[in-house]
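# Structural characterization, general
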Amino acid sequence: MPNKGLDSRGYIEREGSLGLIPRAFRPVVATARDRVLDVFGARLHSAYLYGSIPRGTARVGRSDLDLLLALREEPTEADRSDARSLDEALDKEFPQIDGAGTLLVGREQVLSDLERHDLGWFVACLCTPLLGEDLAEDLPRYRPDTLLARETNGDLALFLPRWRERITEAGASEEALRPLVRFMSRHLVRTAFTLVMPRWNGWTSDLTEMAEAFGTYYPERAAQLRKAAVLGYEPRGDAAVLRSYVDGLGPWLAEEYARVHGIKKPRP
C-alpha cells in the first residue's frame, strides 16, 4: 500500500519549510512577515504559511500567498478588516502572487477538542511556522484514518447551498466565475481524496495525485476528478462546470462521504 507523506510510524509528516520557498517569492514572504508584526503586534501568538509557496511548488504569477495567523484572543471584526487590507496591499505590490489570503484564528480554537482533527491537524501538518511559538508542539500526531477524514471534510453538504448562491451572484462573466472554479475544484478534489485517504494510507497535497488516488477506488468518477484537478490549477470561468459540481459531483460526494465516514461534528 502507498505510504507517501507518512513517517516510519505511519504519522502524517508536516509539509513545507521556509527553506523550500522559491527565490521569487522570498521578498513577498519577508514583507508579509514584517507587516503581520506591524499590524497585530502583541496580539499575535504565531503566524504560518501554507499552500504551494512553502511546499516549493508555487508558480510566478499563478500562485497565491496563504497565511494563517493565530491570535492570543479570538479575532474581532477589526482584526479581519486589517487582514483583508494586508492581503490587498500584498497582492497589489507583488506581481509574483495571484492574490493573498489570511486566515485568522484564535489560539484556544486551534487547541480545542472540537478542532483537534480539523483546524488543529491543519496547523500541525499543513502549515509552516513563520513567527511565534509553534502550536503544533501542543497538538498530537495524526494518522490518515477515518476520524481525520470525517472531521476535515465531512461537512460538504453544508457548503453546497451557499455555493449555488455564489454561482448565481457571480453572473456570467469569466472574470467572476474563474475564482469560483478554482476554489470549488480544489475543495472537491481534496474532499474526494480524503474520502479514500484511509484506504490509500498516505497523504499528499498535489491535486493530480489526489485525483489519481481517488480514481483507484472510484473508477467511474475518475475522469471527472482528473478534470477538476486540472481546473484547480488552471481554472477557466465556466458556469457549466460549476453547475456540474453543485448539481452532480458535489451531492454524490457528500452522500458517499457520509456513508463511508459519517458527518463532521457540528460547529457553533
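Our subject in this report is the structure included herewith.

The end-to-end C-alpha distance of helix α1 (residues 26-40), which contains 15 residues, comes to 21 Å, matching closely the 21 Å that a straight helix rising 1.5 Å per residue would cover. Turning to α1, its buried residues are V28, V29, T31, A32, V36 and F40. Taken down its axis, α1 places every buried residue within 165 degrees of arc, on the same side. Contact partners of the buried residues in α1: β1 (44-50), α2 (52-55), β2 (65-71), α3 (77-93), β3 (100-106) and β4 (127-132). G41, located one to two residues past α1, shows a positive phi value of around 50 degrees.

A separate point is the packing of aromatic side chains. As enumerated under the stated definition, the model contains eight aromatic pairs in all. With a centroid separation of 5.0 Å and 15 degrees between ring planes, the pair formed by F214 and Y218 is classed as stacked. Relative accessible area serves as the criterion here: at 7%, Y218 is assigned to the buried category. When the ring of Y218 is compared with that of W252, the centres are 5.4 Å apart and the planes differ by 80 degrees; the resulting orientation is edge-to-face. Residue Y218 is found in the loop between α9 (207-217) and α10 (222-233), and its partner W252 is found in helix α11 (residues 239-261); the two are separated by 34 residues along the sequence. For the pair shown, Y218 and W252 are each scored as buried. Its guanidinium or amino end placed over the ring of Y11, R143 lies 4.1 Å from that ring's centre, counting from NZ or CZ.

Take the pattern of salt bridges next. Using the criterion set out here, one finds 26 salt bridges in the structure. Between E234 and R62 there is a salt bridge, and its shortest N-O distance comes to 2.6 Å. Note that E234 is positioned in the loop between α10 and α11 and R62 in the loop between α2 and β2, a separation of 172 residues in sequence. A relative accessible area of 44% means that R62 is categorised as partly exposed. Look at the salt bridges and you will find they share partners, linking E115, D118, R150, E151, D155, K264 and R267 into a network.

It is worth spelling out the packing of helix α6 (residues 146-153) against helix α8 (residues 174-200) at this point. Running from N to C, α6 and α8 cross one another at 165 degrees; their axes reach a closest spacing of 8 Å. The pairing of α6 with α8 is recorded here as roughly antiparallel in orientation. In the crossing of α6 with α8, the sense of the turn from one axis to the other is left-handed. Residues T146, L148, A149, T152 and N153 of α6 form the contact with α8, whose own contacting residues are R190, T191, T194, M197 and P198. Tallied by class, the residues present in the contact of α6 with α8 amount to four nonpolar, five polar and one charged.

Okay, the nonpolar core next. Core analysis: the largest hydrophobic core is formed by 60 residues, its most contacted members being L68, W121, W203, F214, L242 and Y245. When near neighbours in sequence (up to four residues on either side) are disregarded, L242 contacts I167, L177, L180, V181 and M184.

This next bit is on the sheet that holds β4. Pairing is mixed across the open sheet formed by four strands, whose spatial order is β3-β2-β1-β4. At either end of the open sheet lies a strand with only one pairing partner, and these are β3 and β4. Within the sheet, the average angular offset between the axes of one strand and its neighbour, ignoring direction, is 25 degrees. Bridging between β2 and β3 involves seven bridges; their strand directions are parallel. In the strand pairing of β3, L69 is matched with L104. The sheet strands contacting α3 are β2 and β3, and the helix crosses β3 at an angle near 155 degrees. On top of the sheet, helix α5 (residues 119-126) reaches β1, β2, β3 and β4; it is set at about 85 degrees to β4, its chief contact.

About the cut-offs
- Residues numbered from 1 in each chain as written.
- Predicted model: local features only at pLDDT ≥ 70, side-chain atom pairs only at ≥ 80, totals over all residues.
- Heavy atoms only, no water.
- Helix = DSSP H or I, 4+ residues; strand = E, 2+ residues; numbered from the N terminus.
- Expected span 1.5 Å × (residues − 1).
- Buried < 20%, exposed > 50% of the residue type's maximum accessible area, 1.4 Å probe, protein only.
- Arc of directions from axis to C-beta.
- Contact = heavy atoms within 4.5 Å.
- Phe/Tyr/Trp six-rings, centres within 6.5 Å; stacked < 30°, edge-to-face > 60°.
- Lys NZ or Arg CZ within 6 Å of the ring centre and 35° of its normal.
- Salt bridge = Lys/Arg side-chain N within 4 Å of Asp/Glu carboxyl O.
- Axes fitted to C-alpha atoms, helices over the stretch in contact; angles between N-to-C directions.
- Parallel < 35°, antiparallel > 145°, perpendicular 65-115°, else oblique.
- Left-handed = near helix turned anticlockwise from the far one by under 90°.
- Nonpolar A, V, L, I, M, F, W, Y, C, P; charged D, E, K, R; others polar.
- Core = buried A, V, L, I, M, F, W, Y, C linked by side-chain atoms within 4.5 Å.
- Pairing = 2+ DSSP bridges.

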